[in-house]
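Coordinates in review
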Protein chains: 2
Amino acid sequence: MTESVPVYMNRLGRAAREASRQLARASTAQKNRALLAAAAALDAARAELAVANQRDLDAGRASGLAPAMLDRLALTPNGIDGMIEGLRQVAALPDPIGEIRDMRYLPSGIQVGKMRVPLGVIGIIYESRPNVTIDAASLCLKSGNATILRGGSEAIHSNQAIARCIQAGLAEAGLPAAAVQVVETTDRDAVGALISMPEYVDVIVPRGGKGLIERISRDARVPVIKHLDGVCHVYIDVAADPDKAIRIADNAKTQRYSPCNAMETLLVHADIAPRVLPPLAAIYHEKGVELRGCPRTRELLGDDVLAASEDDWRAEYNAPILAIRLVDSLDQAIEHINTYGSQHTDAIVTEHFSDARRFLTEVDSSSVMVNASTRFADGFEYGLGAEIGISTDKLHARGPVGLDGLTSEKYVVFGDGHVRT
Amino acid sequence: MTESVPVYMNRLGRAAREASRQLARASTAQKNRALLAAAAALDAARAELAVANQRDLDAGRASGLAPAMLDRLALTPNGIDGMIEGLRQVAALPDPIGEIRDMRYLPSGIQVGKMRVPLGVIGIIYESRPNVTIDAASLCLKSGNATILRGGSEAIHSNQAIARCIQAGLAEAGLPAAAVQVVETTDRDAVGALISMPEYVDVIVPRGGKGLIERISRDARVPVIKHLDGVCHVYIDVAADPDKAIRIADNAKTQRYSPCNAMETLLVHADIAPRVLPPLAAIYHEKGVELRGCPRTRELLGDDVLAASEDDWRAEYNAPILAIRLVDSLDQAIEHINTYGSQHTDAIVTEHFSDARRFLTEVDSSSVMVNASTRFADGFEYGLGAEIGISTDKLHARGPVGLDGLTSEKYVVFGDGHVRT
């Protein structure tokens, strides 16, 4: 580049702000046309995408990228199918923009309600997976926001090839090219610039490891919608149905190990533990899940269970490891979750109405469940259609963030010459 | 104090976090009892409040506080009546906490909805007016949040006397004393500590001058709900009813000059200007409002109108001064507002349906109005019952912030042993 990184990023920001005004008034049909045209462009560009992705993979191998990273980087034909399908699904979602709710007359005679509007410009910072480029761009576009995408440097050629397809879609719908911009430099200063332009960027959504997210949250000069830990709990209450308890505690841990909504600590009421823990331990043993328990858990299950330390109660393993603790009351379970949890997703298994009611009220997490697996906590399962991430923040969006989380509401007021007296 | 400011603030923070858990599960009746008991305590403490306030006023006079500041600091019997009435009004508002909405079955068989919950701990930083102590404490308490209040050092004795009344109310309702804490040191480091404890404080609401708010936004390590400028516009469209236009443009400017929702710039379509501007200028002249216009405005109204500079389009006068600009189209009006405005409150006067519709969609402000005075933009007029401030942010709360703005929504999921496949 002939210009410096700050000058370049400033130019992207200014263009995004400009484009966001056009996007805010784009019709639903126009936005959908862009999404479907981008899908068609992806389908037509399979060969080009494969070449671009191969360049990234070769460079990654040459620079000694770990196999797991190379895996995430790879753009398979199936992966391309998934991106195309994703674009079509987002096109099929209802347009949130312009929705007016709660319009009512007030004593002064004015009518007041709320209208859903785009946030403006959204900066997305992510790591290796190139499909995030499509996920993020499509949700932002549908919700009327301009996007600046900063992917991992190891995926730069793949991301640029994908961006060309999005550009084709935007052009076909008559939307500005700056509606979706991919940062073309791999210079790290670009991230610093992107998170420090409150005049051009309204919110940052980082997607990636905890280190990345903490760094961005600390340094950002604009609001950040972030997802930190997923230290999720299942609590098996004394009044649990044992069959449901076993089914849920199995599923929450073992259906998949890596997602953030997988259970990391199992809490069991001491009075029901002898009935549910031995069969659960057998299931976990068979599936190769390492157990780490409190002293009473080890007393019950034997020395195969390792001793859990204080660190285990705070651990997000994302792996076949489970911490288990016996508690003597619902209060103790809630106290444990509110102390060690990450306010992500926590479930109680119980048939006791008042215990369920208290758990729902007193557990301060973005998703609180009764008799269901924590693995349900995601945008698709919640009926949001898609998600840009799961927020562990309390302000603005909490839990799975779909289209609504990328919008804001402004007040609309109608009068007939009304003045204030 | 025997302890250092950071140690002291840390202790307050820890106590607030603890209290917030109790408050989150406090019943509606209990919270209302505390509010009404605090009102009774205020009523009984009028003499004590007067003495405390006199100490602040004497100290303020001695230190050369400006008359306007002394005015804000004064706690008159009427002011105390207002605080008592405010507490009663907040007690009468519906409790937002625990409200569950949009509960619906999904294809997997789980039920998903959203439950309204407190944010947790709210830090309020404000300047001289002691009545903010009651406003802020009552709204936070009703919405189930613990509060740490840091008022102006010049009002410290008044605030402490008010805090004792709140404490009496909390005690009578069996709620923890740490539910509402007033920072007892006037050391400036207390503010720095308050905005840097994400483990104890969930959100900061600064109330005061722009300098204070900018400083806090820049330095805070927790989210800030902030209100910066109120550069509000009225645009008189070519299709405006001239009577309504004159009534609204008069009211928006002159009903009161200091509020943030008063009009600062009047935009007038050139084709209707000869009909509405001369009578408006006569009204403004009579009320002593200084006019600063674009060249065409001055051509129309004469040299009594000063020449407006670029700075005038960005000015928040909060005073009997008005900038006037003629425009040739709705597009130009929208462009002016989105360029120079502060995204607070903007109104169009028009009978043209499509112009109104475009203005509502394309003006990116927290309140957008048709045929009504910008002066309506506040929590009471919008039916929120009360407000803790007006947010010019886009994330979380936008526009007047009432009880709902002090809450968040978590997902609740009900199943019957459901697991993910």
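As recorded in an unreviewed UniProt entry, chain A goes by the name Gamma-glutamyl phosphate reductase, listed as coming from Pseudomonas mangiferae.

Take the overall build of chain A next. The secondary structure content of chain A amounts to 15 helices and 16 strands. Whereas a compact globule of 421 residues would reach a radius of gyration of roughly 22 Å, chain A reaches 24 Å, a difference of no more than 12%. Residues counted as buried form 58% of the 421 residues belonging to chain A. In chain A, the proportion of contacts linking residues at least 24 apart, taken out of those at least 6 apart, comes to 72%. Of the accessible surface of chain A, which amounts to about 16400 Å², a share of 49% is contributed by carbon and sulfur atoms. Counting 45 positive and 54 negative side-chain charges, chain A places the averaged centre of each group 6 Å from the other.

This part is about the relation of the copies chain B and chain A. Between the two copies, chain B and chain A, the superposition gives an RMSD of 0.1 Å; the rotation angle is 180° and the shift along the axis is 0.0 Å. Put plainly, the chains are arranged around a two-fold axis. For chain B, the smallest separation between a C-alpha atom and the rotation axis is recorded for B:H396, amounting to 1.9 Å.

Residues and elements named next belong to chain B. Here E351 is to be found in the loop between strand 12 (345–349) and helix 15 (353–362). For E351, a relative accessible area of 44% gives the class partly exposed. Residues E351 and N371, 20 residues apart in the sequence, show an inter-C-alpha distance of 8.3 Å. A distance of 2.8 Å separates the side chain of E351 from the side chain of K244, its partner in a polar contact.

Glancing now at the side chain of B:T345. All names here are of chain B. On the secondary structure map, T345 appears in strand 12. Of note is the side chain of T345, whose polar atom sits 2.8 Å from the side chain of H344. Apart from residues no more than four positions distant in its own chain, T345 is found in contact with C232, H233, S365, S367, M369, T374 and A377.

The next thing to look at is the sheet that holds strand 6 (residues 203–207) of chain B. All names here are of chain B. Taken together, four strands build an open sheet; the order of strands is 5-4-3-6 and the sheet is parallel. Edge strands, defined here as strands with exactly one partner in the open sheet, are strand 5 (180–182) and strand 6. The sheet shows a mean angle of 20° between the axes of neighbouring strands, direction not considered. As judged from the three bridges shared by strand 4 (residues 146–150) and strand 5, these two strands associate in the parallel manner. Directly across from L149, in strand 5, lies its bridge partner V182.

Turning next to the sheet that holds strand 13 (residues 367–372) of chain A. One open sheet accounts for ten strands, arranged 10(A)-9(A)-11(A)-8(A)-7(A)-12(A)-13(A)-16(B)-2(B)-1(B); its pairing is mixed. The sheet is open, and its two borders are formed by strand 10 (306–307) of chain A together with strand 1 (100–105) of chain B, each paired with just one other strand. As defined by bridge partners, strand 13 of chain A adjoins strand 16 (residues 407–418) of chain B across five bridges and the pair is classed as parallel. Residue pairing in the sheet places A:A372 in a bridge with B:H418 of strand 16 of chain B. Sitting on the sheet, helix 15 (residues 353–362) of chain A touches strand 7 (232–236), strand 12 (345–349) and strand 13 of chain A together with strand 2 (111–118) and strand 16 of chain B, and the angle it makes with strand 13 of chain A is about 160°.

Looking now at the state of the cysteines. By the definition in use, this model includes zero disulfides over all chains. Considering cysteine sulfurs only, A:C165 is the nearest to A:C140, which forms no disulfide, with 18 Å between them. In this structure B:C232 is not part of a disulfide, and its nearest cysteine sulfur, from B:C260, lies 6.7 Å away. B:C232 sits in the buried class, given a relative accessible area of 0%.

Now for the pairing of strand 13 (residues 367–372) of chain B. Across the six residues that make up strand 13 of chain B, a large majority, six, are buried. Handedness of the strand 12 of chain B-helix 15 of chain B-strand 13 of chain B crossover: right-handed.

Below, the discussion takes up the UniProt feature "domain: Aldehyde dehydrogenase" (unreviewed entry) in chain A. Residue and element names in this part refer to chain A. Residues annotated in UniProt with the feature "domain: Aldehyde dehydrogenase" (unreviewed entry) correspond here to residues 13–282 and 313–377. Helix makes up 51% of residues 13–282 and strand makes up 17%, while its end C-alpha atoms are separated by 56 Å. Within residues 313–377, the helical portion is 34% and the strand portion 28%, while the C-alpha atoms at the span's ends are 21 Å from each other.

Moving on, we come to the packing of helix 6 (residues 131–142) of chain A against helix 7 (residues 156–172) of chain A. Residues and elements named next belong to chain A. It is at 10 Å that the axes of helix 6 and helix 7 come closest, and there the two elements cross at 25°. Comparing their axes, helix 7 and helix 6 come out roughly parallel. The hand of the helix 6/helix 7 crossing is right-handed. Here helix 6 contributes T133, I134, A137 and L141 to the contact with helix 7, which in turn contributes N159, I162, I166 and L170. Each residue belonging to the contact of helix 6 with helix 7 can be placed in one class, and the counts come to six nonpolar, two polar and no charged.

Okay, the pattern of salt bridges next. Side chains that differ in charge, positive against negative, can pair when their charged atoms come close. All names here are of chain A. Counted under the stated rule, the structure contains 60 salt bridges over all chains. Notably, a salt bridge pairs K253 with E264, separated by 2.9 Å at the nearest N-O pair. Of this pair, K253 sits in helix 10 (residues 242–254) while E264 sits in strand 8 (residues 263–269); the two residues are eleven residues apart in sequence, bridging distant segments of the chain. Overall, the relative accessible area of 0% leaves K253 in the buried class.

In total, this model carries two aromatic pairs over all chains according to the counting rule given. Consider the rings of A:Y411 and B:Y382, whose centres lie 4.7 Å apart with planes at 40°: the pair is tilted. Here the residue A:Y411 occupies a position in strand 16 (residues 407–418), and B:Y382 occupies one in the loop between strand 13 and strand 14 (389–391), the pair thus bridging two chains.

In many analyses, interface size is given as the accessible surface area lost on bringing the parts together. On the side of chain A, 63 residues touch chain B, which itself brings 64 residues to the contact. Between chain B and chain A, roughly 5500 Å² of surface is buried when both sides are summed, and carbon and sulfur atoms account for 54% of that area. Ranking the residues of chain B by area buried against chain A places B:L395, B:Y411 and B:R420 at the top, with a combined share of 16%. In this structure, the connection of chain B to chain A is made through ten salt bridges. For A:E381, the salt bridge is made with B:R420, and the minimal N-O distance between the two is 3.4 Å. Connecting chain B to chain A are 41 residue pairs in polar contact (both at pLDDT 80 or more). The dominant element in the side of chain B that touches chain A, judged by the number of residues it contributes, is strand 16 of chain B, at eleven residues.

Time to look at helix 15 of chain A. For helix 15 of chain A, the complete set of buried residues consists of A:D355, A:A356, A:F359, A:L360 and A:E362. The inward-facing, buried residues of helix 15 of chain A contact strand 7, helix 14 (330–340), strand 12 and strand 13 of chain A together with strand 2 and strand 16 of chain B.

On to unusual backbone geometry, then. Residues and elements named next belong to chain A. Residues other than glycine seldom take positive phi values, yet D102 does so here, at roughly 60°. Among the structural elements, D102 can be located in strand 1 (residues 100–105). D102 gets classed as partly exposed once you look at its relative accessible area, which sits at 41%. Positive phi, normally seen in glycine, also occurs at H396, with a value near 60°. Tracing the backbone shows H396 in the loop between strand 14 (389–391) and strand 15 (399–401).

About the criteria used
- Residues numbered from 1 in each chain as written.
- Chains lettered and ligands numbered in written order.
- Predicted model: local features only at pLDDT ≥ 70, side-chain atom pairs only at ≥ 80, totals over all residues.
- Heavy atoms only, no water.
- Helix = DSSP H or I, 4+ residues; strand = E, 2+ residues; numbered from the N terminus.
- Rg over C-alpha atoms; globule rule 2.2 N^0.38 Å.
- Buried < 20%, exposed > 50% of the residue type's maximum accessible area, 1.4 Å probe, protein only.
- Contact = heavy atoms within 4.5 Å.
- Areas by Shrake-Rupley, 256 points an atom, 1.4 Å probe, with all protein chains shown as cover.
- Lys, Arg positive; Asp, Glu negative; His and termini not counted.
- Charge placed at Lys NZ, Arg CZ, Asp CG, Glu CD.
- Least-squares fit on C-alpha atoms with pLDDT ≥ 70 in both.
- Polar contact = N/O pair within 3.5 Å; in protein donor to acceptor, adjacent residues only side chain to side chain.
- Pairing = 2+ DSSP bridges.
- Axes fitted to C-alpha atoms, helices over the stretch in contact; angles between N-to-C directions.
- Disulfide = S-S within 2.5 Å.
- Right-handed = clockwise from strand over helix to strand, strands pointing away.
- UniProt positions renumbered as here; feature names shortened; annotations may be inferred.
- Parallel < 35°, antiparallel > 145°, perpendicular 65-115°, else oblique.
- Left-handed = near helix turned anticlockwise from the far one by under 90°.
- Nonpolar A, V, L, I, M, F, W, Y, C, P; charged D, E, K, R; others polar.
- Salt bridge = Lys/Arg side-chain N within 4 Å of Asp/Glu carboxyl O.
- Phe/Tyr/Trp six-rings, centres within 6.5 Å; stacked < 30°, edge-to-face > 60°.
- Buried area = accessible area lost by both parts, 1.4 Å probe.

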